[in-house]
Amino acid sequence: MQGRADVVIVGAGIMGLSIAYNLARLAPKQRIVVLEQSYLCSGASGRNGGGVRAQWSSRSNILLMQESLTLFREFAAEHGINTWLRQGGYLFLVRSHEGAEMLSRNVELQRELGLDSRTVEPKDLGTIVPGLVGEGVQLASYNPDDCVVFPWPLVWGYARSAEHLGVKIHPFTEVLAIETTAGAISGVHTREGRIATDRVVLACGALSPRLARTVDVDVPTHPQRHEICSSEPLKPWLTPLVADLSNGLYFSQSTRGEVVGGISSPTAPTDGRQTSSWEFLARYAQGLCNVFPRLGAVRILRQWAGLYDISPDQNPVVGEVDERPGLYLASGFMGHGFMMAPAVGQRVAAALAGGGASEILARWNLRRFQEGNLLSENMIIG
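Residues numbered from 1 in each chain as written. Predicted model: local features only at pLDDT ≥ 70, side-chain atom pairs only at ≥ 80, totals over all residues. Heavy atoms only, no water.

Caption draft 1: Focus on the nonpolar core. The biggest cluster of nonpolar side chains holds 76 residues, and the ones touching the most others in it are Ile-9, Val-52, Met-340, Val-344 and Trp-364. Ignoring sequence-local partners within four residues, the contact set of Met-340 consists of Trp-56, Asn-61, Leu-64, Met-65, Ser-68, Pro-316, Phe-333 and Trp-364. (Core = buried A, V, L, I, M, F, W, Y, C linked by side-chain atoms within 4.5 Å. Buried < 20%, exposed > 50% of the residue type's maximum accessible area, 1.4 Å probe, protein only. Contact = heavy atoms within 4.5 Å.)

Right, dumping it as structure tokens:
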């Protein structure tokens, strides 16, 4: 463990590693250290469904994800690793009149910004997913350019490329506290010793608030368990990822044929537990069979859970903290940090390299919660 670093990034998920990789490219002489309390892919980056989409309701998120989708498509060639990218689109379902109006507005904005999104009437759902039941669905939206990837290679690819550029990554190194001197960041304390630094990036998802509190910074996000499961392999038949915004159901089919999906739960614990439950399996089975009854006979082979990082306005908390110079946040992504990480990592890295905060980082600042400038986003799964 080196005793001094120019930047210490806490969290070796895709967000932290994207920031590290992009910063190493922009500032090759800087000493960059990434600390991870467990193994790579142990956190949310290794536990999600791998969906990547540009269908959002806010202009900034749509533009950001257009960039991120391009970076995902280029990732395999840039980093020399197969991500099993499947560009089959996202199909969103809504079941209320209000939801249909919302979806129509969103598609109009998406098309204005260059997306190939379109609304789909319930009677036409079978042309996109044969056998999908449209009973109760008021409207759907579909963008064929959205995609699904296998999450782990993205983490491994960023890690390997960052290390090639000189970044030091330390797994199984828990950060205990951040240190300040005269109100500014001056170091981090780990179980392996102290590292002196004047810049720290908290990119450890739902664990970020605990470390922020060690320097008296209140980050108003909290963890929420979200479960997911995988079925036995089936013959390929499902092209898009299907998401029902009424209950948080989503499912897609992997390149090996498994149906991978999850569903929201109103009783999901918020204490950081990542255990699995029978309640989830019952809810998921009912929700899945309502839209595709033939899947009722399919066997579930694996079940696991991860943590959503929930923010008060369903938008991330990113950028330097005003009252703690040198402390940067990259959290509160509501379970969508994986898909945003390539583009967000570039922006945070640019700010760390002296380029200043981009427009989107300025919108996602921590002070908005104190000032009452809350943002909005209604295309949240879960």
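Picking up where we left off.
Caption draft 2: Representation of the sheet that holds strand β10 (residues 184–190) within the structure. Taken in spatial order, the three strands make up an open sheet running β9-β10-β11, and their pairing is antiparallel. A strand with exactly one partner marks an edge of an open sheet, and here the two such strands are β9 (175–181) and β11 (193–196). Ignoring which end each strand starts from, the neighbouring axes of this sheet average 25° apart. Bridge count for β10 against β11 is four bridges, and the pairing is antiparallel. (Pairing = 2+ DSSP bridges. Helix = DSSP H or I, 4+ residues; strand = E, 2+ residues; numbered from the N terminus. Axes fitted to C-alpha atoms, helices over the stretch in contact; angles between N-to-C directions.)

Caption draft 3: Region of the structure containing unusual backbone geometry. With a phi angle near 50°, Trp-84 is a residue other than glycine that sits in the positive phi range. In this fold, Trp-84 is placed in the loop between α2 (59–79) and β4 (90–94). For Trp-84, a relative accessible area of 39% puts it in the partly exposed group. The phi torsion at Phe-172 lies on the positive side, around 55°, for a residue other than glycine.

Caption draft 4: Fine view of the packing of aromatic side chains. Applying the stated criterion to the full structure yields ten aromatic pairs. Their ring planes at 40° and their centres at 5.3 Å tell us that Phe-150 and Trp-152 sit as a pair that is tilted. The exposure class of Trp-152 is partly exposed, given its relative accessible area of 31%. Each ring, one from Phe-280 and one from Tyr-284, has its centre 5.7 Å from the other, and the planes form 10°; the classification is stacked. Residue Phe-280 and its partner Tyr-284 are located together in helix α6 (residues 278–291), separated by four residues, close to a single helical turn. Judged by relative accessible area, Phe-280 falls into the buried class, the value being 2%. Given a relative accessible area of 3%, Tyr-284 falls into the buried group. An aromatic cluster of at least three residues, connected via ring pairs, comprises Trp-84, Phe-150, Trp-152 and Trp-156. Here the basic side chain of Arg-53 rests over the ring of Trp-56, its NZ or CZ set 3.9 Å away from the ring centre. (Phe/Tyr/Trp six-rings, centres within 6.5 Å; stacked < 30°, edge-to-face > 60°. Lys NZ or Arg CZ within 6 Å of the ring centre and 35° of its normal.)

None of this, on its own, says anything about what the molecule does.
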